Amino acid sequence: MVFEIVCPKCGEVVYSGSELKPLGKVLKEYDYSCPKCGVKLSSEDFEIEIVEG
Ligand SMILES: [Zn+2]
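Parameters and conventions
Residues numbered from 1 in each chain as written. Predicted model: local features only at pLDDT ≥ 70, side-chain atom pairs only at ≥ 80, totals over all residues. Helix = DSSP H or I, 4+ residues; strand = E, 2+ residues; numbered from the N terminus. Rg over C-alpha atoms; globule rule 2.2 N^0.38 Å. Buried ≥ 20, exposed ≤ 12 C-beta atoms within 10 Å, placed from the backbone. Contact = placed C-beta atoms within 7 Å. Pairing = 2+ DSSP bridges. pLDDT = per-residue confidence, 0-100.

Topic: the overall build of the protein
Looking only at helices and strands, the protein features one helix and three strands. Over its C-alpha atoms the protein spans a radius of gyration of 10 Å, differing by no more than 12% from the 10 Å that the globule rule assigns to 53 residues. When the backbone C-alpha atoms are referred to their principal axes, the protein occupies close to 30 × 20 × 15 Å. Across the 53 residues that make up the protein, the buried fraction comes to 9%.

In structure tokens form, the structure reads like this:
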């Protein structure tokens with residue numbers, strides 16, 4: 001099982017891994033902005049996708 005945190009604006013996969021991290025912790029590592037499009041991100045905006053397999 002793989003967890004993905006995807007930018008709601010551009011679709012960039014900000015985090016992907018088998019370990020489900022706290023969303024706030026992941027966003028803090030990226031200074032609360034998308035590394036690709038630079039949009040400001042809050043935890044409410046984000047979707048976490050869980051990919052089976
Ligand atoms: Zn983005």
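From this point, the narrative continues.
Observations regarding unusual backbone geometry
Even without being glycine, D31 reaches a positive phi, approximately 55 degrees. Even without glycine at this site, Y32 takes up a positive phi of about 60 degrees. With respect to the element layout, Y32 can be found in the loop between α1 (23-29) and β3 (47-51).

A word on the environment of S18
Mapped onto the fold, S18 is located in the loop between β2 (13-17) and α1. Judged by C-beta crowding, with 7 C-beta atoms within 10 Å, S18 ranks as exposed. Sequence spacing of S18 and M1 is 17 residues, and the spatial spacing of their C-alpha atoms is 6.1 Å. Those residues in contact with S18 that sit more than four places away from it in its chain are M1 and V2.

Notes on the pairing of strand β1 (residues 2-6)
Bridge analysis of β1 against β2 gives four bridges, and the strand direction is antiparallel. Bridge pairing links V6 to V13 in β2. Counting the residues between successive antiparallel strands, the hairpin from β1 to β2 contains six residues, one of them, G11, with a positive phi of roughly 85 degrees.

What to know about the environment of I5
Mapped onto the fold, I5 is located in strand β1. For I5, a count of 22 C-beta atoms within 10 Å puts it in the buried group.

Things to note about the confidence of the model for the protein
In the predicted model, the protein carries a mean pLDDT of 86, and the fraction of residues at 70 or more is 92%. Of all helices and strands in the protein, the one with the weakest mean pLDDT is β3 (75), whereas β2 scores best (89).

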